[in-house]
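# Structural description and commentary
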Amino acid sequence: MADLKAIAEAVVKGDQAKATELTKAAIDQGAPVKSILDEGLIGGMDIIAARWKRNDVYIPEVLIAARAMKTAMVILEPELVKAGVKAIGKFIIGTVEGDLHDIGKNLVTMMMKGAGFEVTDIGIDVPAARFVEQAKSSGAELVGLSALLTTTMPGMEKTLKAMKEAGVTAKIMVGGAPLTQAYADKIGADAYAADAATAVEVAKNLLSVN
Ligand code: B1M
């Protein structure tokens, strides 16, 4: 019988080879691919996210776990497509115009992918018009804006306004070190998340997915 717990453990340890080998074995043994994803790979990322929130592990461990999941996903992804398994939501993320910081955004990207979202990272220094265009063309349910500078925070308000004016219906989540819930409320964002692990919880709540 496929050992999905062992897959989760391999992800937690950041063991790329083991995560991949066990994922392949589980596919060969006929385990449901959705279970390999949910209980194995996402299960592992859930554990690492919870440990990170408790400060039991730090960013390097999160990055290594995410890399193990990504490697195993290379072989699981075609099986998910074949089985018609869909992502739990479509998410676009970018750092707002004038801002080149991307380490936090990349962590949010990894955690969201790890939780089963389809994520399109549109990069750094993203003008409002590009957020609008990408949100419309992708049909994403959720758009994430990141900013690390007090001088680029107003770019979030500008982006939100542009999206509303353009009729974008996606929910909008904001985050980044200088942000607060009060600021998110003031500019009319749908949600604020203080860190990447919380971003996953907030996104799931916003879209009512588990
Ligand atoms: Co810059 N920088 N930087 N910087 N930089 C800060 C942010 C700063 C606080 C340093 C300082 O002065 N103490 C300061 C901002 C001050 C302010 O605005 N009040 C600053 C400055 C001033 C600048 C420049 C203007 C410096 C200069 O050139 N004079 C310049 C600006 C460039 C630009 O963007 N136009 C600049 C440049 C740079 C580097 C390029 C050298 C580099 C960025 C490299 C990169 O990102 N690829 C850099 C770095 C590394 C930093 C610090 C040291 C670290 C930022 C970081 O990556 N943190 C930072 C000081 C600090 O924070 N100690 C600093 C780690 C990361 C994991 O945390 O990004 O907060 P963070 O992400 C968290 C959460 O915020 C949250 O989740 C993440 C993980 O938990 N989160 C979200 C982030 N986005 C989210 C989105 C969400 C939800 C949660 O939903 C969508």
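The following paragraphs examine the structure supplied in this document. (Residues numbered from 1 in each chain as written. Predicted model: local features only at pLDDT ≥ 70, side-chain atom pairs only at ≥ 80, totals over all residues. Heavy atoms only, no water.)

### So, the site of the ligand
In the vicinity of the ligand lie 26 residues, with Leu100, His101, Asp102, Ser146 and Thr150 positioned nearest. In this structure, Leu100 approaches the ligand through a main-chain N or O atom, which is 2.6 Å from an oxygen atom. One of the backbone nitrogen or oxygen atoms of Thr150 is found 2.9 Å away from an oxygen atom of the ligand. Within the residue set of the shell around the ligand, elements represented by two or more residues are helix H5 (103-114), strand E3 (142-146) and strand E4 (171-175). (Near = heavy atom within 4 Å. Polar contact = N/O pair within 3.5 Å; in protein donor to acceptor, adjacent residues only side chain to side chain. Helix = DSSP H or I, 4+ residues; strand = E, 2+ residues; numbered from the N terminus.)

### Thoughts on the sheet that holds E4
Read from one edge of the open sheet, five strands run E2-E1-E3-E4-E5, paired in parallel fashion. A strand with exactly one partner marks an edge of an open sheet, and here the two such strands are strand E2 (118-121) and strand E5 (191-192). The pairing of strand E1 (residues 90-95) with E2 spans four bridges and is parallel. By the bridge assignment, Lys90 is partnered in E2 with Glu118. Along the sheet face, H5 touches E1, E2 and E3 and points at about 170° away from the line of E1. Against the sheet, helix H7 (residues 154-165) makes contact with E3 and E4, and its axis sits at roughly 160° relative to E3, the strand it touches most. (Pairing = 2+ DSSP bridges. Contact = heavy atoms within 4.5 Å. Axes fitted to C-alpha atoms, helices over the stretch in contact; angles between N-to-C directions.)

### Some points on the coordination of the cobalt atom of the ligand
Put simply, a metal with four donors set out as a tetrahedron has ideal angles of 109.5 degrees, and one with six donors set out as an octahedron has ideal angles of 90 or 180 degrees. Of all protein atoms, His101 (NE2) alone acts as a donor to the cobalt atom of the ligand, lying 2.2 Å away. Mapped onto the fold, His101 is located in the loop between E1 and H5. (Donors = N, O, S within 2.8 Å, 3.2 Å for Na, K, Ca; no water.)

### Comments concerning the packing of H5 against helix H9 (residues 196-207)
Interaxial distance between H5 and H9 falls to 8 Å at its minimum, and their mutual angle equals 50°. By the criterion of interaxial angle, the relationship of H5 to H9 is oblique. H9 is crossed by H5, and the crossing has right-handed handedness. Facing Leu107, Val108, Met111 and Met112 of H5, the residues of H9 in contact are Ala196, Ala197, Ala199, Val200 and Ala203. Among the residues making up the contact of H5 with H9, the classes are represented as nine nonpolar, no polar and no charged. (Parallel < 35°, antiparallel > 145°, perpendicular 65-115°, else oblique. Left-handed = near helix turned anticlockwise from the far one by under 90°. Nonpolar A, V, L, I, M, F, W, Y, C, P; charged D, E, K, R; others polar.)

### Notes on unusual backbone geometry
Trans is the common state for peptide bonds, and a negative phi is the common state for residues other than glycine. Although it is not a glycine, Asn55 adopts a positive phi angle of roughly 60°. In this fold, Asn55 is placed in the loop between helix H3 (33-53) and helix H4 (59-83). One non-glycine residue, Ser208, lies in positive phi territory at about 50°. Note on placement: Ser208 falls in the segment after H9.

### Some remarks on the side chain of Thr23
Take Thr23: it is sitting in helix H2 (residues 16-28). Classification of Thr23 by relative accessible area gives buried; the value is 0%. Dropping the residues within four chain positions of it, Thr23 is found in contact with Ile7, Ile36, Leu41, Ala72, Ile75 and Leu76. (Buried < 20%, exposed > 50% of the residue type's maximum accessible area, 1.4 Å probe, protein only.)

### Points about the pairing of E4
For E4, the tally of buried residues reaches four of five residues, placing the bulk of the element in the interior. The sheet contact formed by E3 and E4 spans five bridges and is parallel. Counterpart to Gly144 in the pairing with E4 is Met173. Once you follow E3 into H7 and on to E4, the crossover reads as right-handed. Pairing between E4 and E5: two bridges, direction parallel. (Right-handed = clockwise from strand over helix to strand, strands pointing away.)

### Structural notes on the environment of Ile88
Tracing the sequence through the fold places Ile88 in the loop between H4 and E1. Separated by 28 residues in the primary sequence, Ile88 and Gly116 have C-alpha atoms spaced 5.8 Å apart. Not counting residues within four places of it along the chain, the set of residues in contact with Ile88 comprises Ala115, Gly116, Phe117, Lys204, Val209 and Asn210.

### Overview of the pattern of salt bridges
It is possible for side chains bearing opposite charge to pair when their charged atoms get close. Enumeration according to the criterion identifies eight salt bridges in this entry. Its salt-bridge partner being Lys105, residue Asp121 comes within 2.8 Å of it at the nearest N-O pair. Remark: Lys105 occurs in helix H5 and Asp121 occurs in strand E2; sequence separation between them is 16 residues. Residue classification places Lys105 among the buried residues on the basis of a relative accessible area of 3%. Put simply, Glu165 and Lys161 hold a salt bridge, and the shortest N to O gap is 3.5 Å. Taken together, the residues span about one helical turn, with Glu165 and Lys161 both in helix H7 at a distance of four residues. For Glu165, a relative accessible area of 63% puts it in the exposed group. The exposed category is assigned to Lys161, whose relative accessible area is 54%. (Salt bridge = Lys/Arg side-chain N within 4 Å of Asp/Glu carboxyl O.)

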